[in-house]
Amino acid sequence: MGFTVEDAGRGQSMLPELGFYARVSEWASIGLRLRGGGGYSSTSGANLRLALAMPSVRVHLREDLSSFATIELGVHAEGGLALQWLEDGALRADWLSFGLGAGVYATLELGDTHALTLDASMMAYGLGGTAVSIEMGATLSYVVRWD
């Protein structure tokens, strides 16, 4: 879960994120990330946003620290689709945009099913269009693995 601030500190939102990945090899995974959120800005009023990063491709290396812990370091790149609604009713208040993103992450696996991940990423939406937005952030997340 993350928080953003816009318009020189006059806006706020909450952006929960959910991701699903499958390993395709020892060093690569493919998946999708879904981010939704809502908030309020003093300049545009209420806003709602839904973003989907798919496909999201991760390349990583893993190192066993002990029989109980493993660390995984990697990078990811994704294509994205975002839908946003702004209350102010201005031109382009409802919009759909495409984008690209990249990031780096580190995961500490504890046992067979549990892990903690620190992920720093950046997504740019509306490339080549007039409603360009860039989201940057860092998330600390809990990971559950299953076969």
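Starting afresh in each chain, residues are numbered from 1 along the sequence in its written order. Thresholds applied to this predicted model are a pLDDT of at least 70 for local features of residues and 80 or more for the giving and counting of side-chain atom pairs; totals over whole chains, interfaces and linings are not thresholded and use all residues. Excluding hydrogens and water, the side-chain values take into account all heavy atoms of the structure.

I'd love a proper account of the overall build of the chain, names of residues and values included.
To qualify as a helix, a DSSP run of H or I must reach at least 4 residues; to qualify as a strand, a run of E must reach at least 2; elements of each kind are numbered from the N terminus. Helix and strand counts for the chain come out as 0 helices and 9 strands. Seen in sequence order, the chain has helices and strands lined up from the N terminus as β-β-β-β-β-β-β-β-β. Per-residue burial over the chain gives 35% buried out of 147 residues. Under the scheme applied here, a residue whose accessible area is under 20% of the maximum for its type counts as buried, over 50% as exposed, and between as partly exposed, the area being computed with a 1.4 Å probe on protein chains only.

Talk me through the side chain of Thr117; I want residue IDs and the actual numbers.
Take Thr117: it is sitting in strand S8 (residues 114-125). The exposure class of Thr117 is buried, given its relative accessible area of 9%. Of the polar contacts made by the side chain of Thr117, one reaches the side chain of Thr107; its length is 2.8 Å. Any pair of residues with heavy atoms lying within 4.5 Å of one another is described as a contacting pair. Beyond its immediate sequence surroundings of up to four residues, Thr117 is in contact with Tyr105, Ala106, Thr107, Thr139, Leu140, Ser141 and Val143. Polar contact is defined as a pair of N or O atoms within 3.5 Å, subject to the rule that within protein one atom must be able to donate a hydrogen and the other to accept it, and that residues adjacent in sequence are counted only when both atoms are side-chain atoms.

Report on the pairing of strand S6 (residues 69-86), specifying residues and quantitative values.
As defined by bridge partners, strand S5 (residues 45-64) adjoins S6 across 16 bridges and the pair is classed as antiparallel. For Val57, the partnering residue across the bridge sits in S6 and is Ala77. Connecting S5 to the antiparallel partner S6 that follows it, the hairpin turn spans 4 residues. At least two bridges found by DSSP between two strands are what make those strands a pair.

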